[in-house]
Amino acid sequence: GASERGSAATDIAFRRCGACRELADLGTAAAPHLALLELLAEAGEEEDYDVRRAAKEALRHLRAAGVRPEEKPWEDPWRQAAYVAEEPHRVLQHAVVHPVIAAARSKPLRGPRVLLQIFGEVLPMRLELGPGQESLTPSELTEIWEQGWGVQYAGRVRFRAPPGSDRRWVHPREELVPRSPIIVELEAISGAILSDLAGALRQYGALSLEEVAELR
């Protein structure tokens, strides 16, 4: 009823406020999230007064510390806002830049890799292949995402076959995922799975399995 909806709205607002305060403590690592904080600070975008106040306080704190937005902010800030509303710890997970991740991002990704497209964004992933291996199957990749990266339900992701193929999807166990420069589009019934995977690819895509294991 109305009381349950009110309680849910209060819980979401509480989580948003908490996430704003946590982002304020991140310093320069919060730069990718300034666009979101600016949206949350606006009365026309965020209805809850406490959330707007928490976002404004976070912005003041970060700007006073010299934090500036990235040149290319999050393309869809409200997709990121879903993280704040539902699971604030995910914002922190993707916002805090570990030195190993920063080092990997600072140099070109070399060696075999796949290019995976999620919500229009192309994300590279490093491949660790054995002798004679051309690539990995979808099942092998989703196993890495689920078991090695902690992306729940990654096995439900489907890999669209490249143009000119006689089938719509890459077979999960019998076919290899095409390597770069071919771009492979990923689809899933749940957008949340794809959002989680995109975040994991940004964080872990340039790392080896050993490096990811050390981080998690």
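Residues numbered from 1 in each chain as written. Predicted model: local features only at pLDDT ≥ 70, side-chain atom pairs only at ≥ 80, totals over all residues. Heavy atoms only, no water.

Considering the sheet that holds strand E1 (residues 113–118)
In a beta sheet, neighbouring strands pair by backbone hydrogen bonds and run either parallel or antiparallel. Read from one edge to the other, the open sheet built from four strands follows the order E2-E1-E4-E3, with strand pairing classed as mixed. Pairing within the sheet leaves two strands with one partner each, and these edge strands are strand E2 (121–126) and strand E3 (158–159). The pairing of E3 with strand E4 (residues 183–187) spans two bridges and is antiparallel. Directly across from phenylalanine 159, in E4, lies its bridge partner leucine 186. Contacting E1, E2 and E4, helix H8 (residues 191–204) runs over the sheet at an angle of about 55° to E2. (Pairing = 2+ DSSP bridges. Helix = DSSP H or I, 4+ residues; strand = E, 2+ residues; numbered from the N terminus. Contact = heavy atoms within 4.5 Å. Axes fitted to C-alpha atoms, helices over the stretch in contact; angles between N-to-C directions.)

Comments concerning the pairing of E4
Where burial is concerned, the two faces of E4 differ: the one with Val184 and Leu186 is buried and the one with Ile183, Glu185 and Glu187 is not. Across three bridges, the pairing between E1 and E4 is parallel. Its bridge partner lying in E4, glutamine 117 is registered against glutamate 185. (Buried < 20%, exposed > 50% of the residue type's maximum accessible area, 1.4 Å probe, protein only.)

So, the side chain of serine 135
Relative to the elements of secondary structure, serine 135 occurs in the loop between E2 and helix H7 (138–148). In this structure serine 135 comes out as buried when scored by relative accessible area, which is 5%. A polar atom in the side chain of serine 135 sits 2.7 Å from the backbone oxygen of valine 177. Residue contacts for serine 135: discarding those within four places in its chain leaves Val114, Leu127, Leu129, Leu176, Val177 and Arg179. (Polar contact = N/O pair within 3.5 Å; in protein donor to acceptor, adjacent residues only side chain to side chain.)

Topic: the pattern of salt bridges
The tally for this structure, following the rule as stated, stands at seven salt bridges. In this structure, the salt-bridge partner of glutamate 185 is arginine 160, at a minimum N-O distance of 3.8 Å. With glutamate 185 in strand E4 and arginine 160 in the loop between E3 and E4, this pair connects stretches of sequence that are 25 residues apart. Classification of glutamate 185 as partly exposed rests on a relative accessible area of 33%. For the salt bridge of arginine 167 with glutamate 175, the shortest nitrogen-to-oxygen distance reads 3.8 Å. Given a relative accessible area of 28%, glutamate 175 falls into the partly exposed group. The structure contains a network of salt bridges with shared partners spanning Arg160, Glu185 and Glu187. (Salt bridge = Lys/Arg side-chain N within 4 Å of Asp/Glu carboxyl O.)

Let's talk about the confidence of the model for the chain
Mean pLDDT over the chain: 78, with 73% of residues reaching 70 or higher. Within the model, pLDDT remains below 50 along residues 72–79, and this stretch shows 14 contacts once partners closer than five positions in the same chain are excluded. Below pLDDT 50 for its whole length, residues 81–101 participates in 47 contacts with residues either more than four positions away or in separate chains. (pLDDT = per-residue confidence, 0-100.)

A closer look at helix H3 (residues 49–64)
The first and last C-alpha atoms of H3 sit 22 Å apart over 16 residues, in line with the 22 Å expected at 1.5 Å per residue. Those residues of H3 that fall on the buried side of the exposure criterion are Val51, Arg52, Ala54, Ala55, Ala58, Leu59 and Leu62. In an axial view of H3, the angular spread of the buried residues amounts to 165°, which keeps them on one side of the axis. Facing away from the buried surface of H3 by more than 90 degrees, the exposed residues are Tyr49, Arg60 and Ala64. Phi turns positive one or two residues past the end of H3, at glycine 66, with a value near 85°. (Expected span 1.5 Å × (residues − 1). Arc of directions from axis to C-beta.)

Thoughts on the packing of aromatic side chains
In this description, a pair of aromatic rings is defined by centroid distance and the angle of the planes. Per the stated rule, a full pass over the model turns up two aromatic pairs. Each ring, one from tryptophan 145 and one from phenylalanine 159, has its centre 5.8 Å from the other, and the planes form 10°; the classification is stacked. Of this pair, tryptophan 145 sits in helix H7 while phenylalanine 159 is found in strand E3, placing the two residues 14 residues apart along the sequence. For arginine 158, the ring lying beneath its charged end belongs to tryptophan 169, and the centroid distance is 4.0 Å. When the ring centre of tryptophan 169 is taken as origin, the NZ or CZ atom of arginine 160, which lies over that ring, is 4.9 Å away. (Phe/Tyr/Trp six-rings, centres within 6.5 Å; stacked < 30°, edge-to-face > 60°. Lys NZ or Arg CZ within 6 Å of the ring centre and 35° of its normal.)

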